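Architecture and fold: a report
Below, each chain spelled out in residue letters.
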Amino acid sequence: MSDDHLIITGVCAGYGDVAVLHDISFAVPRGKIVAVVGVNGAGKTTLLSAVAGLITPTRGSVVLDGADITRMPAHRRTALGLAMVPEGGRLFPFMSVRENLELGAYSSASQSTLGARMAEVMDMFPILRDREDQLAGRLSGGERQMCAVARALMSRPRILLLDEPSVGLSPLMTEKVLDTVADLAAREGLSVIIVEQRVTEVLAMADLGHILDHGRIARSGLASDLRSDRKVQETYMGL
C-alpha cells in the first residue's frame with residue numbers, strides 16, 4: 001500500500017462563479033503533519049473545505065486510501081476517518097464540555113465505544129476532565145481550541161484537518177496547542193493537514209509544507225527547508 005494516506009490532484013474549487021483554488025496537488029503521507037500556509041485570502045480554508053467535503057471541486061480529485069472521495073458527502077468522509085476542526089472551533093457554547101465531546105461521536109460505530117473513547121480523550125486533555133460539566137462558552141480561548149480538537153478526536157479519525165487553530169490565542173497558548181497536535185500525531189499515528197497564518201510556528205512543528213498564494217501552490221518541500229529559506233522568511237515570516 002502507498003505511504004500516501006490522502007492524495008489531492010489538480011483540484012480547482014471556489015464559490016459560484018468565483019474561482020479560488022487553481023490546480024492544487026499534493027499528498028499527505030501516513031502519520032505526517034502537512035502545513036499549508038499563506039496570507040489571508042490565499043485559499044487555505046477553501047482547500048480544507050474541498051478535502052472535508054464541504055464544497056465540491058470543479059476539477060481534480062481527492063483520493064483517500066485509494067478511494068475517490070471527491071464527490072462524497074462530508075458525513076461519509078467522517079465515517080471513513082476524516083475529521084475537521086473549523087476556525088474558531090465552533091463549539092456549542094450553551095452545552096457542557098462533555099456534551100460537546102459526545103457530539104463528536106455521533107456515528108453508531110462511535111456510540112458503541114463512547115465511554116472508552118471519552119476516557120481516552122479526557123486522558124489526552126486533562127484540563128477538559130476538570131471542566132467537563134462547565135459550559136463550553138465559559139472556557140478560555142485555549143481551552144475552547146483544545147475542546148474542539150478533542151471533539152474531532154471522538155470520531156477516531158485517521159486524518160485531522162485543522163483550520164487556523166491559533167486564531168484568538170496568545171503566542172504562548174498557540175505554542176501549547178501546536179505542541180499538543182504534534183504529540184497527538186506522534187502518539188496516535190494521525191495524519192494532519194493544518195492551515196495557518198503563523199508561518200514560523202507551524203513550519204516548526206510540521207513535516208512537510210506548502211505555501212499557498214492566490215489559490216496556487218507557490219512553494220513545497222520539507223517544512224524545515226521552507227522555514228530556513230530566506231525568500232520564505234522575507235515574504236511570509238516578516239524576517
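Structure: above.
Anyway, here's the lowdown on the structure attached to this text. (Residues numbered from 1 in each chain as written. Predicted model: local features only at pLDDT ≥ 70, side-chain atom pairs only at ≥ 80, totals over all residues. Heavy atoms only, no water.)

Section: the pattern of salt bridges
Put simply, the test is: Salt bridges are defined as contacts in which a side-chain nitrogen from Lys or Arg sits within 4 Å of a carboxyl oxygen from Asp or Glu. Secondary structure follows DSSP: runs of H or I at least 4 residues long count as helices, runs of E at least 2 residues long count as strands, and numbering of each begins at the N terminus. When a residue's accessible area, from a 1.4 Å probe over protein chains only, is under 20% of the maximum for its type it is buried; when over 50% it is exposed; and in between it is partly exposed.
In this structure the tally under the stated criterion is ten salt bridges. Residue E132 is joined to R98 by a salt bridge in which the shortest nitrogen-to-oxygen separation is 2.7 Å. With E132 in the loop between helix 6 (126-131) and helix 7 (141-153) and R98 in helix 3 (residues 97-103), this residue pair connects regions lying 34 residues apart in the sequence. Exposure remark for R98: the relative accessible area of 29% places this residue in the partly exposed category.

Some words on the environment of M84
Filter applied, for reference: Any two residues whose heavy atoms approach within 4.5 Å are treated as being in contact.
Along the chain, the position of M84 falls in strand 6 (residues 82-85). Through-space distance from the C-alpha of M84 to that of P157 is 9.3 Å; in sequence the pair is 73 residues apart. Setting aside residues no more than four positions away along its own chain, M84 makes contact with L48, A52, L54, L161 and D163.

Looking at the environment of L21
Along the chain, L21 turns up in strand 2 (residues 18-29). In this structure L21 comes out as buried when scored by relative accessible area, which is 1%. Once the C-alpha coordinates of L21 and R59 are considered, the two residues, 38 residues apart in sequence, prove to be 9.9 Å apart. Not counting residues up to four positions away in its chain, the partners in contact with L21 are V11, C12, A13, G43, T46, L47, L212 and G215.

Thoughts on unusual backbone geometry
With a phi angle near 55°, D23 is a residue other than glycine that sits in the positive phi range. Here D23 lies in strand 2. Positive phi outside glycine occurs at E164, with the angle close to 50°. With respect to the helices, strands and loops of the structure, E164 is situated in the loop between strand 7 (159-163) and helix 8 (171-188).

Some thoughts on helix 5 (residues 114-124)
Under the convention used in this document: Our arc is simply the arc of the directions from the helix axis toward the C-beta atoms.
Every buried residue belonging to helix 5 is among L114, R117, M118, V121, M122 and M124, and all of these are buried. In an axial view of helix 5, the angular spread of the buried residues amounts to 155°, which keeps them on one side of the axis. Residues of helix 5 that are exposed and point more than 90 degrees away from the buried face comprise G115 and D123.

Structural notes on the side chain of T180
When you line up the elements, T180 lands in helix 8. Residue class for T180 comes out buried when judged on its relative accessible area of 19%. Those residues in contact with T180, other than ones at most four positions away along the chain, are F125 and M146.

Points about helix 11 (residues 230-237)
Formally: We call two N or O atoms a polar contact when they sit within 3.5 Å, provided that within protein one can donate a hydrogen and the other can accept it, with sequence-adjacent residues counted only if both atoms are side-chain atoms.
Of all the residues in helix 11, the buried ones are V232, Q233, Y236 and M237. One side of helix 11 carries all its buried residues, which in axial view fall inside an arc of 105°. Packed against the buried residues of helix 11 are helix 9 (199-205), strand 9 (208-213), strand 10 (216-222) and helix 10 (223-228). Sitting at the amino-terminal end of helix 11 is D229, which places a side-chain oxygen 2.9 Å from the backbone nitrogen of K231.

Section: the packing of helix 7 against helix 8
Short version of the rule: Simply put, an axis is a line fit to the C-alpha atoms, just over the touching stretch for a helix, and the angle between two N-to-C directions goes from 0 to 180 degrees. Throughout this description, any angle smaller than 35 degrees is read as roughly parallel, any larger than 145 degrees as roughly antiparallel, any in the 65 to 115 degree range as roughly perpendicular, and the remainder as oblique. By convention the crossing between two helices is left-handed if the near helix lies anticlockwise of the far one by an angle smaller than a right angle, and right-handed if it lies clockwise. By the convention adopted, Pro, Cys, Tyr, Trp, Phe, Met, Ile, Leu, Val and Ala count as nonpolar, Lys, Arg, Asp and Glu as charged, and the other residues, Gly among them, as polar.
Running from N to C, helix 7 and helix 8 cross one another at 20°; their axes reach a closest spacing of 10 Å. As the angle between them shows, helix 7 and helix 8 are arranged roughly parallel. Every pair of crossing elements has a handedness; the one defined by helix 7 and helix 8 is right-handed. Listed contacts from helix 8 to G142, Q145, M146, V149 and L153 of helix 7 are M173, K176, V177, T180 and L184. In the contact of helix 7 with helix 8, the residues fall into six nonpolar, three polar and one charged.

Side note on the layout of surface pockets
Quick reminder of the rule: Cavities and pockets are defined on a 1 Å grid built over the protein atoms alone: a cavity is a set of grid points where a 1.4 Å probe fits but cannot escape, while a pocket is an open set with protein on both sides within 12 Å along at least five of seven lines, and lining residues are those with an atom within 4 Å of any such point. Grid points are joined across faces, edges and corners, and a volume is the space filled by probe spheres set on the points.
Here the largest pocket defines a volume of roughly 640 Å³. As for the largest pocket, its lining consists of 26 residues, and the residues nearest its centre are T78, A83, M84, V85 and P86. If you list the elements that add at least two residues to the lining of the largest pocket, you get helix 1 (44-52), helix 2 (74-80), strand 6, helix 7 and strand 7. Its residues assigned to classes, the lining of the largest pocket comprises 14 nonpolar, seven polar and five charged.

With respect to the side chain of S191
You can see S191 is positioned in strand 8 (residues 191-196). In this structure the side chain of S191 is engaged in a polar contact, spanning 3.0 Å, whose partner is the backbone nitrogen of G31. Other than its neighbours up to four places away in sequence, S191 contacts H5, V28, P29, R30, G31, K32, R158, I159 and L160.

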